[in-house]
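# Inside the fold
Listed below are the residues making up each chain.
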Amino acid sequence: MVGCGAVGGYAAGHMARNGVDVTFIDAWPEHVAKMNADALELRGVTSQESFDVPVRAINVTEVQNEQKNGPFDIAFISTKSYESQFAAALIRDYLTPQGFIVSLQNAINEERISEVVGAHRVVGCIASNISAELEGPAHIQRNVPIRGDSYTVFRVGEQHGRITDRIEQVAELMRHTDSAKTTPNLWGERWSKLIINASHNGLSAGTGLSGNGMALDDTARLVQIKQAAETIEVGQALGYTLEHRKGTDPNEWVAAAKGDKAALQRIEDHLLAEVKTRGDGQRPSMGQDMQKGRKTEIVEINGFVVEKGQEVGIPTPLNAKIVELVQKCERGELTPDVKHIADW
Amino acid sequence: MGKKIAIIGAGAVGCQVGGHMVANGEDVVFIDGWPEHVDTMNRDGLRLTGVTEAENKTVPVRAIHMSDVQALSKGDPIDIAFICVKSYDTEWATYLIKPYLAPQGFIVSLQNCMNEEFIASIVGWGKVAGCIAAKISVDLRGPAHVSRNVPLLGNSHTVFRAGEVHGMETDRIKEVARLCAYTDSAMVTDNLWGERWSKLCMNASGNGVAASTGLGAADIAADAHLRMVKIKLAAESIAVGKASGFKLEKMKGVGTEVYEAAVKGDAGSRKILDDGLIAEASKGNPNATPSMGQDMRKGRRTEIDYMNGLVVAKGRETGVPTPVNEGLIQAVKLVERGEAKADPRLLANL
């Protein structure tokens, strides 16, 4: 597992607990040291989901030693998107001839990783609604109960869409954590998740609002809908089969953004109804990154929408604006505030 | 002054060069993956020791862990990034620093072997320059402690040779030479490729032999067969370098034609090289081990794929056979993977 943050650490922890041979590779020394010295603490909302797992963790500098321990069959990359190629180049030399990489990340990084190791060695796995957080060294908290049959958390796919043995294997590994399936529609699923991230991750980082804060603020709610609509239109132009987001039709979002009152009402009702399903303090990962002073994934999320929009000739003015706003906040030129989007 | 500099890979060379820059007021950040090293540098400073008292100093430096590289996005971007990691870590190091380079920023490969091509594949040729450190002889003794084992070479031997890949003398390459000159003598070279390959020929003929036999310099020099293996390795590398179009330099004062003649059976040339190897071993520490031998002892991965492996790869491109280099790689890998103990017999058939 290259990158043992919230998602990577959580999934690998469950693998290790179930007897899978996993090496944890991470760049944060304190995290690695504590995982080795004590154990990885996984905490969930029930006591059955809370336990400590002894794991083997190594620093980036120790990866070169792995040739002696035998190469890896499957390498999960679970770093931030902007570290994808770094992680791929780091692990490349230590894969078996048939070894491959699974992008277990936000955004769409399969192409970036393919640049480094070749497309035939890269598959994707989406973690949907996992809601895990790295709260401190060797301590990961999941904020929602196990979804099980009610909602499939992990979706594993090949870039070419065929269902292969190797993605069945990956799905099996993910089932140690929660429900998982293989999908013939990796690109559509990836883009569907990107729509959600693009509509509120940057917005949270640039305004400082939480998930519920964005839903309850009239301006932020509308900006969310418009950003989602831009992203949907780009995805459709790219030819992706988009999922229905919790029962809402992608076309309805586009109609809402374009002024269809009935559609707008239904989408707003949907966003307001979601408020009841999450805690008030819960904020998207990019909002968390901004609070912690970490570099965000804005370029890889909204910036990616802008880039792909240019390829297919779909204008994405709000995605472009949010990239600019978040980058200014990242550099400390602006403080996140809802006033920045007042006239959007 | 005023340039923002990053050292990626604060090993022996990176620390030595970066430390002297800091001591002279340059703005340098050290990036490294060894936690204890980074923590000690920040807490106690970077300790540089040399063979004379005057060379010993402790420099307060700023070092960061790999996980903190992302925070560079908050500050001014990097103007010059020196990559000083092992060759096999070159590409990830490039990916790591690429997002934080200034628009005019560039990367200097301050490494062994010839890694400019790998870096260029990621950031483009326009953002790559090279710098050779010849006979610097530094060791990372422990966290935050680098020791130089030879005196300042100054005018007697130019330690650093900085060059653009196109060979022109640009302002930025003069800046690189200026920065390296804080440590020891430095010049701009118009022959980066030739210098790189000449150094590679030397390394390719010595490093793997020490690593696979487990012998020190004196024992290797005393063994006629091993001397001949070294000469053959050098001659193959020279042939590949010439076929690749590199303008090779003299190696330890000997022209490349002497190696070529020696492997063709010319006794006089063979004697010149044998005498040179024996004389060289008698001058230094008899137990001195090149970096690859040190890596092997520490159980670290060696640079064999980027050293003799590069000779083989370029040999295939240019149609030059390299059987002795291939045999050496096999022997080193056996030892590296723990499948054989280091032993001169591993090279008996070369």
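Treat the numbers as computed from the prediction; the structure is a model and nothing was measured.

For the rest of this paragraph, the subject is the overall build of chain B. Counting its secondary structure elements, chain B contains 13 helices and 12 strands. Its C-alpha atoms give chain B a radius of gyration of 20 Å, within 12% of the compact-globule value 20 Å for 350 residues. Relative to its full complement of 350 residues, chain B shows a buried share of 52%. Taking the contacts inside chain B whose residues are at least 6 apart along the sequence as the reference set, 69% of them involve residues at least 24 apart.

Turning to the nonpolar core, a few remarks are in order. One finds Ile8, Ala81, Phe82, Ile83, Ala162 and Val176 of chain B to be the most contacted residues of the largest nonpolar core, which totals 121 residues. The leading source of residues in this core is helix H1 (residues 6-17) of chain A, at 7 residues. For Val176 of chain B, the residues in contact, after removing those within four places along its chain, are Ile80, Val108, Ala129, Cys131 and Ala162 of chain B. If you look at the next biggest cluster of nonpolar residues, it comprises 49 residues, including Leu192, Leu273, Ile304 and Leu347 of chain B.

Bringing the sheet that holds strand E8 (residues 128-133) of chain B into the picture now. Neighbouring strands of a sheet are bound in pairs by backbone hydrogen bonds; such pairs are parallel or else antiparallel. Residue and element names in this part refer to chain B. Pairing is mixed in the open sheet, where 8 strands are placed in the order E5-E2-E1-E6-E7-E8-E11-E12. For this open sheet the edge positions go to strand E5 (62-65) and strand E12 (186-188), each flanked by a neighbour on one side alone. Neighbour-to-neighbour, the strand axes of this sheet turn through a mean angle of 25 degrees, independent of strand direction. Bridge count for strand E2 (residues 27-32) against E5 is 4 bridges, and the pairing is parallel. Its bridge partner being in E5, Ile31 is matched across the sheet by Ile64. In the packing of helix H5 (residues 171-180) onto the sheet, the strands contacted are strand E6 (78-83), strand E7 (101-109), E8, strand E11 (160-164) and E12, and the crossing angle to E11 comes to about 165 degrees. Sheet contacts for helix H6 (residues 192-213): E8 and E11; angle to E8, the most-contacted strand, approximately 40 degrees.

On to the domain arrangement of chain B. Residue and element names in this part refer to chain B. Domain annotation of chain B identifies domain 1 (4-189) and domain 2 (195-347). The straight-line distance from the C-alpha centre of domain 1 to that of domain 2 is 27 Å. If you look at the interface, domain 1 gives 12 residues, while domain 2 gives 12 residues. Looking at the side of domain 1 that touches domain 2, the elements with two or more residues in it are E8 and E11. Taken together, the residues of the side of domain 1 that touches domain 2 sort by class into 5 nonpolar, 5 polar and 2 charged.

All names here are of chain B. The strand order across the open sheet formed by 4 strands is E4-E3-E10-E9, and the pairing between neighbours is mixed. Each end of this open sheet is capped by a strand with a single partner; those strands are strand E4 (57-59) and strand E9 (138-142). On average, each strand axis in the sheet is tilted by 25 degrees relative to the strand beside it, whichever way the strands run. Relative to strand E10 (residues 145-148), strand E3 (residues 46-49) is paired through 3 bridges, and the arrangement is parallel. If you follow Thr49 over to E10, its bridge partner there is Ser147. Packing of helix H1 (residues 12-23) onto the sheet brings it into contact with E3, E4, E9 and E10, and relative to E9 it is tilted by some 90 degrees.

With that settled, the discussion passes to helix H8 (residues 218-237) of chain A. Residue and element names in this part refer to chain A. A rise of 1.5 Å per residue sets the reference length of H8, with its 20 residues, at 28 Å; its end C-alpha atoms lie 29 Å apart and thus fit the reference within 8%. Burial analysis of H8 places 14 of its 20 residues in the buried class, the great majority of the element. Downstream of H8 by one or two residues, Gly239 has phi in the positive range, about 90 degrees.

Relative to the assigned elements, Gly265 of chain B resides in the loop between helix H9 (256-263) and helix H10 (267-283). When the C-alpha positions of Gly265 of chain B and Ser121 of chain B are compared, they lie 41 Å apart, and in sequence the two are 144 residues distant.

What follows concerns the packing of helix H3 (residues 84-92) of chain A against helix H4 (residues 110-117) of chain A. All names here are of chain A. Contact pair H3 / H4: the axes reach a minimum separation of 9 Å and the direction vectors enclose 35 degrees. Of the two elements, H3 crosses H4, and the hand of that crossing is right-handed. The residues of H4 that touch H3, namely those facing Ser84, Gln85, Ala88, Ala89 and Arg92, are Arg112, Ile113, Glu115, Val116 and Val117. Its residues assigned to classes, the contact of H3 with H4 comprises 5 nonpolar, 2 polar and 3 charged.

What follows is about the domain arrangement of chain A. Where interface size is given, it is often the accessible area lost as the parts come together that is meant. All names here are of chain A. Examined at the domain level, chain A breaks down into domain 1 (6-184) and domain 2 (189-341). Inter-centroid distance (C-alpha atoms) of domain 1 to domain 2 is 26 Å. Listed by partner, the interface residues are 13 residues for domain 1 and 12 residues for domain 2. The set of elements that each furnish at least two residues to the side of domain 1 that touches domain 2 consists of strand E7 (122-127) and strand E10 (154-158). For the side of domain 1 that touches domain 2, the residue count by class is 4 nonpolar, 7 polar and 2 charged.

Angle between the axes and distance between the axes are the two parameters that describe a pair of packed helices. Residue and element names in this part refer to chain A. For the pair helix H9 (residues 250-257) and helix H10 (residues 261-275), interaxial distance at closest approach is 7 Å and the crossing angle is 115 degrees. Between H9 and H10 lies a crossing whose hand is left-handed. Counted together, Glu252, Trp253, Ala255 and Ala256 of H9 and Ala263, Leu264, Arg266 and Ile267 of H10 form the full contact between these two elements. Here the contact of H9 with H10 is composed, by residue class, of 6 nonpolar, no polar and 2 charged.

Turning our eyes to something else, we now look at the pairing of E11 of chain B. Residues and elements named next belong to chain B. For E11, the tally of buried residues reaches 5 of 5 residues, placing the bulk of the element in the interior. Bridge count between E8 and E11: 5 bridges; the pairing is antiparallel. Counted as the bridge partner of Gly130 is Gly163 from E11. The sheet contact formed by E11 and E12 spans 3 bridges and is parallel. Paired with Phe160 across the strands is Ala186, a residue of E12. Chirality of the crossover, the property in question, places the unit of E11, H5 and E12 among those that are right-handed.

For Gln85 of chain A, the position within the fold is in helix H3. Judged by C-beta crowding, with 25 C-beta atoms within 10 Å, Gln85 of chain A ranks as buried. Excluding anything up to four places from it in sequence, Gln85 of chain A contacts Arg112, Ile113, Glu115 and Val116 of chain A together with Tyr95 of chain B.

Scoring rules and cut-offs
- Residues numbered from 1 in each chain as written.
- Chains lettered and ligands numbered in written order.
- Predicted model: local features only at pLDDT ≥ 70, side-chain atom pairs only at ≥ 80, totals over all residues.
- Helix = DSSP H or I, 4+ residues; strand = E, 2+ residues; numbered from the N terminus.
- Rg over C-alpha atoms; globule rule 2.2 N^0.38 Å.
- Buried ≥ 20, exposed ≤ 12 C-beta atoms within 10 Å, placed from the backbone.
- Contact = placed C-beta atoms within 7 Å.
- Core = buried A, V, L, I, M, F, W, Y, C linked by C-beta atoms within 7 Å.
- Pairing = 2+ DSSP bridges.
- Axes fitted to C-alpha atoms, helices over the stretch in contact; angles between N-to-C directions.
- Domains from an automatic or database assignment.
- Nonpolar A, V, L, I, M, F, W, Y, C, P; charged D, E, K, R; others polar.
- Expected span 1.5 Å × (residues − 1).
- Left-handed = near helix turned anticlockwise from the far one by under 90°.
- Right-handed = clockwise from strand over helix to strand, strands pointing away.

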